[in-house]
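What follows is each chain in one-letter form.
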Amino acid sequence: MEALDALLNRVSLARLQEPAPDAAQREVLFRAALRAPDHGYLRPWRFLSIEGAAREKLGELFVSAVLAKDPQAPEAATTKARNMPMRAPLMVVVIAKLQAGHKVPEVEQLLSAGCAAHSILLAAHAQGLGAIWRTGDMAYDLTVAAGLGLAENERVVGFLYLGSVEGERRAAPELVPADFVQTWG
């Protein structure tokens with residue numbers, strides 16, 4: 001696939017199914033992530049790959065986070081949390097590793113990790129895979145961060161859900177650049 005085709009036509013796809021990306025496809029996903037802009041060569045990211053029974057374990061971690069906030073949470077809330085990781089055969093947790101006090105501001109490090117996540121999405125699209133980037137409460141929850149083994153200086157950038165496209169791949173919406181670009185000065 002041509003680079004411009006991937007850039008112009010990638011869309012988020014929430015309906016994902018088996019099979020998960022194979023080993024060769026994953027190698028491409030992570031190689032693409034490692035090419036993200038990285039001022040200072042800090043490599044301010046890391047990734048957790050979650051699949052199979054580990055998705056169920058993550059679902060239980062999400063339930064723990066819901067119950068830590070509200071011990072009386074309705075069953076619908078815990079069921080939803082438990083099922084979140086089951087939306088795709090593979091989840092990749094993108095984690096920003098922030099170095100405080102470095103000449104590269106933490107916000108730039110966080111943006112670099114975000115670019116790495118976006119590169120994974122583009123590489124997935126280029127390989128014919130489906131993917132969606134999700135955050136939500138679980139991405140910012142301290143119980144989840146601890147359960148995933150994040151250090152004090154680490155932040156979840158997002159949960160990338162990856163798999164085979166279920167049904168038709170939808171077309172990217174047509175946006176007009178002039179609606180978003182102005183001339184300054």
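Residues numbered from 1 in each chain as written. Predicted model: local features only at pLDDT ≥ 70, side-chain atom pairs only at ≥ 80, totals over all residues. Heavy atoms only, no water.

**Student:** I tried to follow the overall build of the protein chain on my own but got confused; where do I start?
**Tutor:** Helix and strand counts for the protein chain stand at six helices and five strands. Helices and strands appear in the protein chain in the N-to-C order α-β-α-β-α-α-β-α-β-α-β. Computed over its C-alpha atoms, the radius of gyration of the protein chain comes to 18 Å, within 12% of the 16 Å expected for a compact globule of 185 residues. The C-alpha extent of the protein chain, read off along each of the three principal axes, is 55 × 45 × 35 Å. A buried classification covers 41% of the 185 residues belonging to the protein chain. Summarising the internal contacts of the protein chain: among those between residues at least 6 apart in sequence, 80% fall at separations of at least 24. Entry remark: accessible area of the protein chain is about 10,800 Å², with carbon and sulfur atoms responsible for 56%. (Helix = DSSP H or I, 4+ residues; strand = E, 2+ residues; numbered from the N terminus. Rg over C-alpha atoms; globule rule 2.2 N^0.38 Å. Buried < 20%, exposed > 50% of the residue type's maximum accessible area, 1.4 Å probe, protein only. Contact = heavy atoms within 4.5 Å. Areas by Shrake-Rupley, 256 points an atom, 1.4 Å probe, with all protein chains shown as cover.)

**Student:** I tried to follow the side chain of His125 on my own but got confused; where do I start?
**Tutor:** By the secondary structure assignment, His125 is in helix α5 (residues 106-126). One polar contact links His125 to Arg169, side chain to side chain, over a distance of 3.3 Å. (Polar contact = N/O pair within 3.5 Å; in protein donor to acceptor, adjacent residues only side chain to side chain.)

**Student:** Even after reading the chapter, I still don't get the packing of aromatic side chains, so can you show me in this structure?
**Tutor:** The relation between two aromatic rings is expressed through the spacing of the ring centres and the mutual angle of the planes. In this structure the tally under the stated criterion is two aromatic pairs. Their ring planes at 45 degrees and their centres at 5.5 Å tell us that Phe30 and Phe47 sit as a pair that is tilted. Taken together, the residues span a long stretch of sequence, with Phe30 in helix α2 (residues 23-33) and Phe47 in strand β2 (residues 45-51) at a distance of 17 residues. An angle of 70 degrees between the planes, with centres 5.6 Å apart, marks the rings of Phe62 and Phe159 as edge-to-face. Highlighted residues: Phe62 in helix α3 (residues 53-69) and Phe159 in strand β5 (residues 154-165), separated in sequence by 97 residues. Take Phe62 and Phe159: they sit in the same class, and that class is buried. The side chain of Arg134 reaches across the aromatic face of Tyr161, ending 5.7 Å from its centre. (Phe/Tyr/Trp six-rings, centres within 6.5 Å; stacked < 30°, edge-to-face > 60°. Lys NZ or Arg CZ within 6 Å of the ring centre and 35° of its normal.)

**Student:** Help me understand α2 in this model?
**Tutor:** Residues Gln25, Arg26, Leu29 and Ala33 constitute the buried set of α2. Along the axis of α2, the buried residues cluster in a sector spanning 100 degrees; they form a single face. Of the exposed residues in α2, those oriented more than 90 degrees away from the buried face are Ala23, Ala24 and Arg31. Where α2 starts, the residue carrying a side-chain oxygen 3.1 Å from the main-chain nitrogen of Ala24 turns out to be Asp22. (Arc of directions from axis to C-beta.)

**Student:** What am I meant to see in the environment of Gly130 here?
**Tutor:** Secondary-structure assignment places Gly130 in strand β4 (residues 130-134). Here the alpha-carbon distance between Gly130 and Pro89, two residues 41 residues apart in the chain, equals 11 Å. Residues within four places of Gly130 in sequence aside, it is in contact with Leu13, Leu16, Tyr161, Leu162, Gly163, Val165 and Arg169.

Keep in mind that these numbers describe shape and distance, not what the molecule does.
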